[in-house]
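# Structural description and commentary
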Amino acid sequence: MEKNKPLDLNLEQLKDKTLARHNEYRFIHPDFGIAISFAGLESYLVNSEQPYRTKEGRIMRVLKGSARVSINLIEYDICQGMVVVAPPNSIVQIIQFTPEYDFQAIVPGSNILSATAKEDLTEYFYLKRSIVLHLTDAEWKEMGMYFSLIWKTVQESTFRREIIQHLLAALLYNIRYIQKRYQKTVTEQPSHQEEIFRRFIALVNEHSKSERTVGFYADKLCLTPRYLNTVIRQTSRQTVMEWINQAVILEAQVLLKHSDLLVYQIADELHFPNPSFFCKFFKKRTGMTPQEYQKK
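Residues numbered from 1 in each chain as written. Predicted model: local features only at pLDDT ≥ 70, side-chain atom pairs only at ≥ 80, totals over all residues. Heavy atoms only, no water.

## Some thoughts on helix 9 (residues 275-286)
Residues spaced three or four apart along an α-helix face the same direction, because each turn holds 3.6 residues. So the rule is basically this: Numbered from the N terminus, helices here are DSSP runs of H or I no shorter than four residues, and strands are runs of E no shorter than two. The length a helix should cover is 1.5 Å for every residue beyond the first. Throughout, exposure labels follow a simple rule: accessible area from a 1.4 Å probe, protein chains only, divided by the maximum for the residue type, with under 20% read as buried, over 50% as exposed, and the rest as partly exposed. In this description, the arc belongs to the directions extending from the helix axis to the C-beta atoms. Counted as a polar contact is a pair of N or O atoms within 3.5 Å, where, for protein atoms, one must be capable of donating a hydrogen and the other of accepting one, and residues adjacent in sequence contribute only when both atoms are in side chains.
Taking 1.5 Å per residue as the helical rise, helix 9 with its 12 residues ought to reach 16 Å, and the 16 Å between its terminal C-alpha atoms agrees with that figure. Listed as buried for helix 9 are Phe278, Phe281 and Phe282. Down the axis of helix 9, the sector holding all buried residues measures 95°, keeping them to one side. Away from its buried face, by an angle of more than 90 degrees, helix 9 presents the exposed residues Lys280 and Lys284. Looking at where helix 9 begins, the residue whose side-chain oxygen comes 3.2 Å from the main-chain nitrogen of Ser276 is Asn274. Among the residues trailing helix 9, Gly287 stands out with phi positive, at a value near 85°.

Structure (structure tokens):
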């Protein structure tokens, strides 16, 4: 069956001739993509409650409306005046959004940053942790200038790689500066338990396809399984296994909707002992079989 197309600026996917690579709203290059507005793009690209995995990272600037979005299991309320940075290889799910919702997005490929900037920004942009910032009016206008300048640069007949590399680096440095300044104004710093939870979620997003025991994650965090379970339950009101199972379901949904793998192949990809076990696991947590989810 034909897979539903996700709301995605995956640079490989948009080489598809059925989607115009360049138009008045977007520019797509093998190493870089930018959409100056999503309001004019095909409405079928917006599928609420359907997760997808991004290959490249995302830098988004919300122009209008509001949305509730899950990025790597964590839900955010995102509205006009906010900037969002999602790291590469994230699972994103738009839970709900207002009809007028519109945003800009920059999608940097893995090869677009210069070697110097990439080394300095790797721990930031590739941290596997999302960044959500509500900007002041001055910061908002400044951020808009970066997006506008990058947009004007890609309109040239020749792709000016060096200029894009430096503008992108400057944009990321500016976001990092704003984030650090914001953190200094916040009186309450993350507690030790909240930091454990963040590190745990990052590990779950990275390893849940193959590792599904409390002991594995406790070892990674240098904690006892009992203490990890206690911290995660107190911080999030969910157990370690509930978070792991939720991540596995999201992976399964992504593969069912956006890959050509058959159900038995997905069961193998997710390290289930057999397809029957996978189908029972999926139905117990979603109320439908994998095949029913595909046809939904």
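## Focus: the sheet that holds strand 10 (residues 131-134)
The following threshold applies: Strands are labelled as partners when DSSP assigns at least two bridges between them. Helix axes are fitted only over the stretch in contact, all axes being lines through C-alpha atoms; the angle between N-to-C directions runs from 0 to 180 degrees. Should any heavy atoms of two residues lie within 4.5 Å, those residues are counted as being in contact.
Pairing is antiparallel across the open sheet formed by 6 strands, whose spatial order is 1-2-9-4-7-10. Both edges of this open sheet fall to strand 1 (26-29) and strand 10, since each of them pairs with a single strand only. Averaged over all adjacent pairs, the angle separating strand axes in this sheet is 10°, with direction ignored. Here strand 7 (residues 82-86) runs beside strand 10; their pairing, made up of 4 bridges, is antiparallel. Its bridge partner lying in strand 10, Val84 is registered against Val132. Its contacts with the sheet place helix 2 (residues 137-154) against strand 1, strand 2 (32-35), strand 4 (58-64), strand 7 and strand 9 (102-108), and it is angled at close to 115° to strand 4.

## Brief notes about the sheet that holds strand 3 (residues 52-53)
Strand order in this open sheet of 4 strands is 3-8-5-6, and the pairing throughout is antiparallel. The outermost strands of the open sheet, each flanked by one partner alone, are strand 3 and strand 6 (74-79). Pairing between strand 5 (residues 66-71) and strand 8 (residues 91-97): 5 bridges, direction antiparallel. Bridging across to strand 8, Arg68 finds its partner in Gln96.

## Structural notes on helix 4 (residues 192-207)
Its 16 residues place the ends of helix 4 22 Å apart at the C-alpha level, agreeing with the 22 Å of an ideal helix rising 1.5 Å per residue. Within helix 4, burial applies to Ile196, Phe197, Phe200, Ile201, Leu203, Val204, Asn205 and His207.

## Re the side chain of Ser70
Relative to the assigned elements, Ser70 resides in strand 5. Excluding its chain neighbours within four sequence positions, the residues that come into contact with Ser70 are Glu75, Ile91, Val92, Gln93 and Ile95.

## Some details on the packing of aromatic side chains
Our working definition: Here a pair means two rings of Phe, Tyr or Trp (six-membered ring of Trp) with centres within 6.5 Å. Their orientation is stacked below 30 degrees between planes, edge-to-face above 60, and tilted elsewhere.
On inspection of all chains with the given rule, the structure shows 11 aromatic pairs. With 6.0 Å between their ring centres and 10° between their planes, Phe27 and Phe159 make a pair best called stacked. Of this pair, Phe27 sits in strand 1 while Phe159 sits in the loop between helix 2 and helix 3 (161-185), placing them 132 residues apart in sequence. Taking relative accessible area as the criterion, Phe27 reaches 11% and is therefore assigned buried. Site record: aromatic cluster; members linked through ring pairs are Phe272, Phe277, Phe278, Phe281, Phe282 and Tyr293.

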